Amino acid sequence: MAEQRTSLADPGLPATRDVDLRDYLPGLEPERQVNDWGRSERIEGLLDRTATEFLYRYWFRVEVEDIDHVPAQGGALLVSNHAGAMPPDATMIAKAIKEEHPRPRPLYLTVEHFFKGYPGFSMLLPKVGGVAAHPANVHRLLYDEGELVLVFPEGRKGTEKLYKDRYRLRRFGRGGFVEAAMRARAPIVPIAVVGAEEAAPIFAHLTALQKLTGLLYVPLTPTFPHGGLLGMLGYLPAKFRIRFLEPVRTDQLGDAPWEDKGLVQTIAHEIRTRIQENLVDMLAQRRSVWFG
Amino acid sequence: MAAGDASSHSKRILVTGLSTHWGGRLAQALEQDPSVEAIIGIDRTPPKVELVRTEFVQVSDAHSLIRRIVDAAEIDTIVDTRLVVDSIVTTPRRAHENNVIGTMNILAACSGRDSPVRKVVVKSSAHYYGIEQDDPAFFTEDFRRKRPARTPIERDVVEAEELVRDFALHHPDRTVTVLRFCNGIGRALRTSHSRLLALPVVLGILGFDPRYQFIHEDDIVGVLEHATRHDLPGAYNAAGDGVLVLSEVASLLGKPFAPVLPPWGTGVALTALRRAGLRVGPEVARQLRFGRAVDNRRLKAAGYRYRYTSRETILKLREHQRVDPLLRGTGSAYRYEREVEEFLRRSPNVRRPAPAAGAITAPPEGFDSLDARDLIKLIPSLEPAALEALREHEETHRARRTVLAAIDANLVRHQTA
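Residues numbered from 1 in each chain as written. Chains lettered and ligands numbered in written order. Predicted model: local features only at pLDDT ≥ 70, side-chain atom pairs only at ≥ 80, totals over all residues.

1. Here's the deal with the overall build of chain B
Link 1 in the chain: Secondary structure assignment for chain B yields 15 helices and 13 strands.
Link 2 in the chain: Taken over the C-alpha trace, chain B has a radius of gyration of 23 Å; the compact-globule value for 417 residues is 22 Å, and the two agree within 12%.
Link 3 in the chain: Here the C-alpha coordinates of chain B stretch approximately 85 × 50 × 45 Å along the principal axes.
Link 4 in the chain: Looking at chain B as a whole, 45% of its 417 residues qualify as buried.
Link 5 in the chain: Taking the contacts inside chain B whose residues are at least 6 apart along the sequence as the reference set, 81% of them involve residues at least 24 apart. (Helix = DSSP H or I, 4+ residues; strand = E, 2+ residues; numbered from the N terminus. Rg over C-alpha atoms; globule rule 2.2 N^0.38 Å. Buried ≥ 20, exposed ≤ 12 C-beta atoms within 10 Å, placed from the backbone. Contact = placed C-beta atoms within 7 Å.)

2. What to know about the overall build of chain A
Link 1 in the chain: What chain A contains, in helices and strands, is 10 helices and 9 strands.
Link 2 in the chain: Relative to the 2.2 N^0.38 estimate, which gives 19 Å for 292 residues, the radius of gyration of chain A is 19 Å and therefore close to what a compact globule would have.
Link 3 in the chain: Oriented by its inertia axes, the alpha-carbon framework of chain A measures out at about 55 × 40 × 40 Å.
Link 4 in the chain: Buried positions account for 41% of the 292 residues belonging to chain A.
Link 5 in the chain: Across chain A, every contact between residues at least 6 apart in sequence was considered, and the portion connecting residues at least 24 apart equals 73%.

3. Some details on the pairing of strand S3 (residues 107-111) of chain A
All names here are of chain A.
Link 1 in the chain: Most of S3 sits inside the fold, with 5 of its 5 residues counted as buried.
Link 2 in the chain: In this sheet, strand S5 (residues 148-151) lies alongside S3 in parallel orientation, the contact comprising 3 bridges. The residue of S5 that forms the bridge with leucine 109 is leucine 150.
Link 3 in the chain: Note that S3 and strand S4 (residues 130-132) share 3 bridges and pair parallel. (Pairing = 2+ DSSP bridges.)

4. Notes on the confidence of the model for chain B
Link 1 in the chain: Confidence along chain B averages 86 in pLDDT terms, with 93% of residues attaining 70 or more.
Link 2 in the chain: Contacts for the low-pLDDT stretch residues 1-7 of chain B, under 50 throughout, to residues beyond four places or in other chains number 12 contacts. (pLDDT = per-residue confidence, 0-100.)

5. Quick look at the domain arrangement of chain B
Link 1 in the chain: Domain assignment breaks chain B into domain 1 (6-323) and domain 2 (362-416).
Link 2 in the chain: For domain 1 of chain B and domain 2 of chain B, the distance between their C-alpha centroids amounts to 40 Å. (Domains from an automatic or database assignment.)

6. Here we look at the sheet that holds strand S1 (residues 63-65) of chain A
Residues and elements named next belong to chain A.
Link 1 in the chain: With mixed pairing, the 7 strands of this open sheet are ordered in space as S1-S9-S6-S2-S5-S3-S4. Every other strand in the sheet has two partners, leaving S1 and S4 as the edge strands with one partner each. Looking at each pair of strands side by side, their axes are set apart by 25 degrees on average, direction ignored.
Link 2 in the chain: Summarising the sheet, strand S2 (residues 76-80) and strand S6 (residues 188-194) pair through 4 bridges and their orientation is parallel. The partner of serine 80 across the bridge, within S6, is isoleucine 191.
Link 3 in the chain: The strands touched by helix H3 (residues 89-100) are S1, S2, S3, S5, S6 and strand S9 (241-244); relative to S3, the strand with the most contacts, the crossing angle is about 170 degrees.
Link 4 in the chain: Against the sheet, helix H10 (residues 261-285) contacts S2, S6 and S9, and its axis sits at roughly 30 degrees relative to S6. (Axes fitted to C-alpha atoms, helices over the stretch in contact; angles between N-to-C directions.)

7. Description of the nonpolar core
Link 1 in the chain: Ranked by size, the top nonpolar core spans 158 residues in total, and within it A:Leu77 and A:Ile93 carry the most contacts.
Link 2 in the chain: Apart from the residues within four sequence positions on either side, A:Ile93 is in contact with A:Leu78, A:Ser80, A:Leu107, A:Leu150, A:Ile191 and A:Ile242.
Link 3 in the chain: In terms of nonpolar packing, the next biggest core, distinct from the first, is built from 7 residues, B:Leu375, B:Leu387, B:Ala389 and B:Ala406 among them. (Core = buried A, V, L, I, M, F, W, Y, C linked by C-beta atoms within 7 Å.)

8. What about the sheet that holds strand S6 (residues 175-181) of chain B?
Residue and element names in this part refer to chain B.
Link 1 in the chain: If you walk across this open sheet you meet the 7 strands as S3-S2-S1-S4-S5-S6-S11, and the pairing is parallel. The open sheet has two free edges, formed respectively by strand S3 (55-58) and strand S11 (234-238), since each of these has just one partner strand. Recorded for the sheet is a direction-independent mean angle of 20 degrees between the axes of neighbouring strands.
Link 2 in the chain: With 4 bridges connecting them, strand S1 (residues 12-16) and strand S4 (residues 77-80) associate as parallel partners. Note that in S4 the partner of leucine 14 across the bridge is isoleucine 78.
Link 3 in the chain: Together, S1, strand S2 (38-43), S4 and strand S5 (119-125) form the strand contacts of helix H1 (residues 21-31), whose direction differs from that of S2 by roughly 170 degrees.

9. Comments concerning the interface of chain B and chain A
Link 1 in the chain: Listed per partner, the contact involves 34 residues of chain B and 34 residues of chain A.
Link 2 in the chain: Of all the secondary-structure elements, those providing two or more residues to the side of chain B that touches chain A are helix H4 (152-170), S11, helix H7 (246-253) and helix H10 (297-301) of chain B.

Here it is in structure tokens:
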């Protein structure tokens, strides 16, 4: 944490960070209804037993490869391609870890700050593990609390892309996710997901409606907007395949590797290429969009 | 660990804002410590709690006057508890006068190389961080806000802290502590949030369930005292462990959660409520929308142990809310009368239990760590005055019968001798 001291330190009021603050995390209070991030086991469990279970088993019939690439303990940053209006991929990845991993763990999902300010989303997303994509949040989760965090480096560019551009990865942000993992000395686990693009394809964007509602985007999908709000969740039954790739370690790169922007970009680019290659490979083996 | 050693220990303490809830309670707590030689409290209005040895000086915040008091009494530590962090306490104009101009004056009174002051402790607020949509989930002390303050109170807190930071920069030899408290909860506290939570339903904004942290009033006093006793240079967040969400607060209080405020035009709705008699400050609106939590670990690493978590604080509040309607009007009837206080402190006719304010005869530190058998062995060697003090201490603390009997026996021996 020495580096944080220099970049974020307050010149007038020097912060002493020579003790490991991880020892001072709050203790567990079993009677609590949500955890300190606002995550609610009750609501999550309720969703998990109903909608998620149905989608995972019978609708998307998710198949998982190499789940043991997700470490059984300690922080890890999961990085995946991202697609679809109201993307179902995050939920399916979380469910896959829950169902298939020998040591199931909760997964935190980074979401845009936008959702914190939008009524409804602001209340619901944290309850099911959504955390605003702030570097400090990711660092606390990865380093201090040793949790699994899922990021979509493509961000909105991934979910906004139209059906004709499916499975073509967008730019991977500015490599911020690599920096976050380096600071926390946590491994990066790339993930390739096939199916989400067909489950919720976007044919066009309705800009007028977007301006009216103030949402990030309003897509034209097979069921939205003519199907009403529920139409947003009207997924087509595409076959899902999730492949967890070999983790990339970040703890052997020397001192403060994130200061080397070239290295950060190189690793980000490598991860993007590996996900893209695996997507192509999985698509080549796929015989049918619906039956896999 | 920033534990104060004997040489830097605060002995002569000036408490500003003695008549605020915090000033009064802090002075009461410091009075218990026999190693503190002098406690002097200043404020514009007389104190509201009974104080035994604290000296009250009624003074405005003119810095020349405060400076004279500081120099004359050789104050080594100033604890500034004056900051107004809730806009329902007073008008924005007076709050600004108190928060910014007042802080400037207090700092002016202890600046300069020849000042005896070695330590300044300032009670601030998490309002320093503001509340924005793209904030981190936990503010750490080194967070620098990117946007200007949105409400008058927030602006005051930021300006006051800037003054304190400047002071710290120019006086590297002084220990300057800034304590940023989250929402305080306590029996006697009247804040925007205590009013909101006292309603029959817990109001919220439709579609939002903000994260909330609370700190119990005993912990606020405890933290102030901890910072006075130990050297904690820099800024520290103070908040109970655990972050609740508003709906959880409602269920802990046993009240329905009513997210009925509109998500758009919340400010207008709150203004209407204010017209209708509910006194809540404008700084509450954003907290009801986005919530706020701070990282309290730095203070824990500096040795402070919180007595209550956020959840326990709310459970305490629930107890108060149940009992208070029954106890109405039975609160402390203390009224400050200058002549009476002077008489009690100065008159030679007053019989004081421990001469010289107990500085010599109070049980020395370390007695508490002795077990009963060792203590009884020591008792015959003590003077009668010390025995009296020890007896009082034992009675109010552990009240071991064997120890009390041994003291009594020795007291009788001294009387007969």
